[in-house]
Structure formats: structure tokens, C-alpha cells
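# Structure at a glance
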Amino acid sequence: MKALVLSGGGVKGAHSVGMLRHILGELKVKYDIYCGVSVGAINCAFLAQYPTGAEEEASAKLTELWNNLSTKDVYKRWFPFGRFHGIWNSSIYDSSPLSDLVRKHIDLSKIRASEKHVTVGTVSITSGKYTIFDQLSDYFIDAVVASASFPGMLTPVSFLGQLWTDGGIKEQSSIMKAIQFGAHTIDVVITSPQTRINHFLEKPNSAQVLKRSFDLATDKITSNDIEKSDFYNKMVSDGKPVHINVLRPDYNLTEDVLDFDPVKIKEMMEKGYVDAKHKYIM
């Protein structure tokens, strides 16, 4: 079995979409398992709606979705006091547009009919536990929205009597879960570079500091995920290690992971497409 693992990264998920335009759309690579966290959860759940043999269509539709995406489709200011609502609300922004977007474009019945196995990770603010939901759960779509709800900035999701938020707080790539499912090859698409060039605003506001801090923290989480997966792979493989193919950009794509500017999105998708053509080996 072959697995696709997509990491988080907010708008940087556009780079993953560009990569998949080549991998799925042109090479027509077939995946049995999809594992995603944060924005990767959305992209994985979307792709899992399409059965084997429809890889080109799946990639084209995902690209179309991102080509029509802008900030207003992800979050909006609280009415009437904007960010000041964050003082008494659970987030700085109202991310109901994100919830509407996911529920409009991802159909759980289609995912189940495709016979793909898909998982998404999210964190319960209530219990503090990281939990993985798959397509068999009736709360799967809620978990997708929650997994992509940037902590503090986007609204946490309530279900099962708990509040849930971005899975990227504790895990950025579900490589080990793909190994446990029996994948023999895993393509891991990460949105952050191995080495980050220092660059940031001289006088950022509090929201920019929060977004930047979380983005930096996920770099370390990503490295830990890969290291743990390598160790786990060697320990349980019985001499037959799983092939793990890690794809990532050469530099940080943006300093603001919640800036869904259509021009920047298209640039990142094109960068991902070019990167995949140069780096992906079947």
C-alpha cells in the first residue's frame, strides 16, 4: 500500500497542491492511505473523495478550489469590534467561512465510497489529548475543520462535548500512522524548509507574533515527527523498512501563514509544481 502524508502550514498548503498537480495530475500516482494535519487534513480529505483511477480529476479539482481561495473564504472579523472580540471570544477571527468551505466541498459519503483510508489529527483543548479521526467516524468532517483551526486565531470546533483545535500543536505529519496502517511507501509533503532563513517584520503586532511563533514551533515538531518515524520504522520493520520520501520547499514560503492572498497562493502552487517535477522520484 502507498500513503500520502500532508503536513500543516496554513496558506503554505498551496505549495503542496502544486506538488500534487504533478504527482497526481501528471504522474497519476495512486494512494491507498491519506494522512493529514491542519491544512493537510483539508487537502487529504478532499482528495480521498476520489476513487482509484481518478487521480487527475482529484488534483484538478483541488487546484481549482485553491485558485478561487482568498482570505474571506477562511476567516473574517468579528462584528462589530473586530479583533477586540478576541478578548472575550475563543479566537481573534471568526473562522465560520472555513467551516462552511470544508462542509461545502468535502462529502463524507464520497470518502467512504472511494474506499480510501484517510485520517486527520486534532487536539482537544478540553483534555489536551491529540486524537486521530478517520472516515469511519461520524465526526470526521468536524475533525477536519478543527485540525485546520489555527490556535488562538481561528475558532475551535465543538463536538463530542469538547473543544478541538489545530492538530499541528502536537504533530505536523502522521508518518507513523501511515506505517502502522501497513504502507510500504510513504510520500511526505511538508510545507516548511529544512533550514529557515531569518526574516521577519521589525515591528510586528501581537497577531503577527502569534502566527510567527506557531509557524516556528511547527518546524521543530516536523523535525521530531520525521526523527521519530525513522526510529520507529527501523524498530518494527523486521529488516524491511518502509520507503519514506520527504518533499519540501527550499526556503520558507511566507512569513504570514494566514495571508490567503490569491496572487501569493498561485505563486506557491507554481513553486510546488516546479519543485515536484525536479524532486519527485517514483
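A few points on the structure. (Residues numbered from 1 in each chain as written. Predicted model: local features only at pLDDT ≥ 70, side-chain atom pairs only at ≥ 80, totals over all residues. Heavy atoms only, no water.)

### Considerations on the environment of Asp-166
- Structurally, Asp-166 can be placed in strand E6 (residues 162–166).
- Separated by 15 residues in sequence, Asp-166 and Pro-151 place their C-alpha atoms 6.0 Å apart.
- In this structure the side chain of Asp-166 is engaged in a polar contact, spanning 3.1 Å, whose partner is the side chain of Ser-38. (Helix = DSSP H or I, 4+ residues; strand = E, 2+ residues; numbered from the N terminus. Polar contact = N/O pair within 3.5 Å; in protein donor to acceptor, adjacent residues only side chain to side chain.)

### Things to note about the side chain of Arg-248
- Tracing the sequence through the fold places Arg-248 in the loop between strand E8 (243–247) and helix H9 (262–279).
- Here the side chain of Arg-248 touches Pro-193 through a polar contact of 3.3 Å, landing on its backbone oxygen.

### Thoughts on the packing of helix H2 (residues 39–47) against helix H3 (residues 55–67)
- Their axes nearest at 9 Å, the elements H2 and H3 cross at an angle of 135°. Classed by the angle they form, the pair H2 and H3 counts as oblique. In this structure, H2 crosses over H3, and the sense of that crossing is right-handed. Contact residues: H2 offers Val-39, Asn-43, Phe-46 and Leu-47, while H3 offers Ala-58, Ser-59, Lys-61, Leu-62, Leu-65 and Trp-66.
- Tallied by class, residues from the contact of H2 with H3 come to 7 nonpolar, 2 polar and 1 charged. (Axes fitted to C-alpha atoms, helices over the stretch in contact; angles between N-to-C directions. Parallel < 35°, antiparallel > 145°, perpendicular 65-115°, else oblique. Left-handed = near helix turned anticlockwise from the far one by under 90°. Contact = heavy atoms within 4.5 Å. Nonpolar A, V, L, I, M, F, W, Y, C, P; charged D, E, K, R; others polar.)

### Notes on the environment of Phe-260
- Positionally, Phe-260 belongs in the loop between E8 and H9.
- When its relative accessible area of 6% is taken as the criterion, Phe-260 is described as buried.
- In sequence terms Phe-260 and Lys-12 are 248 residues apart; their C-alpha atoms lie 9.2 Å from each other.
- Residue contacts for Phe-260: discarding those within four places in its chain leaves Gly-10, Val-11, Trp-66, Leu-69, Ser-70, Thr-71, Val-74 and Ile-265. (Buried < 20%, exposed > 50% of the residue type's maximum accessible area, 1.4 Å probe, protein only.)

### A closer look at the packing of aromatic side chains
- As enumerated under the stated definition, the model contains 8 aromatic pairs in all.
- Seen in terms of ring centroids, Tyr-75 and Tyr-93 are 4.4 Å apart; in terms of plane orientation they differ by 35°. Their pairing is tilted. Of the two residues, Tyr-75 is situated in the loop between H3 and helix H4 (96–105) and Tyr-93 in the loop between H3 and H4; the sequence distance between them amounts to 18 residues.
- Look at Tyr-93 and you get buried, because its relative accessible area is 7%.
- Site record: aromatic cluster; members linked through ring pairs are Phe-133, Tyr-139, Phe-159 and Trp-164.
- Positioned above the aromatic ring of Phe-181 is the side chain of Lys-177, whose terminal nitrogen or guanidinium carbon lies 5.7 Å from the ring centre. (Phe/Tyr/Trp six-rings, centres within 6.5 Å; stacked < 30°, edge-to-face > 60°. Lys NZ or Arg CZ within 6 Å of the ring centre and 35° of its normal.)

### Brief notes about unusual backbone geometry
- Here the phi dihedral of Lys-28 falls at roughly 55°; this positive angle occurs in a residue that is not glycine.
- Checked against the element boundaries, Lys-28 lands in the loop between helix H1 (13–23) and strand E2 (33–37).
- Take Lys-28: its relative accessible area is 38%, and that puts it in the partly exposed class.
- Backbone geometry at Leu-160 places phi at a positive 55°, although glycine is not the residue there.
- Along the chain, Leu-160 turns up in the loop between strand E5 (157–159) and E6.

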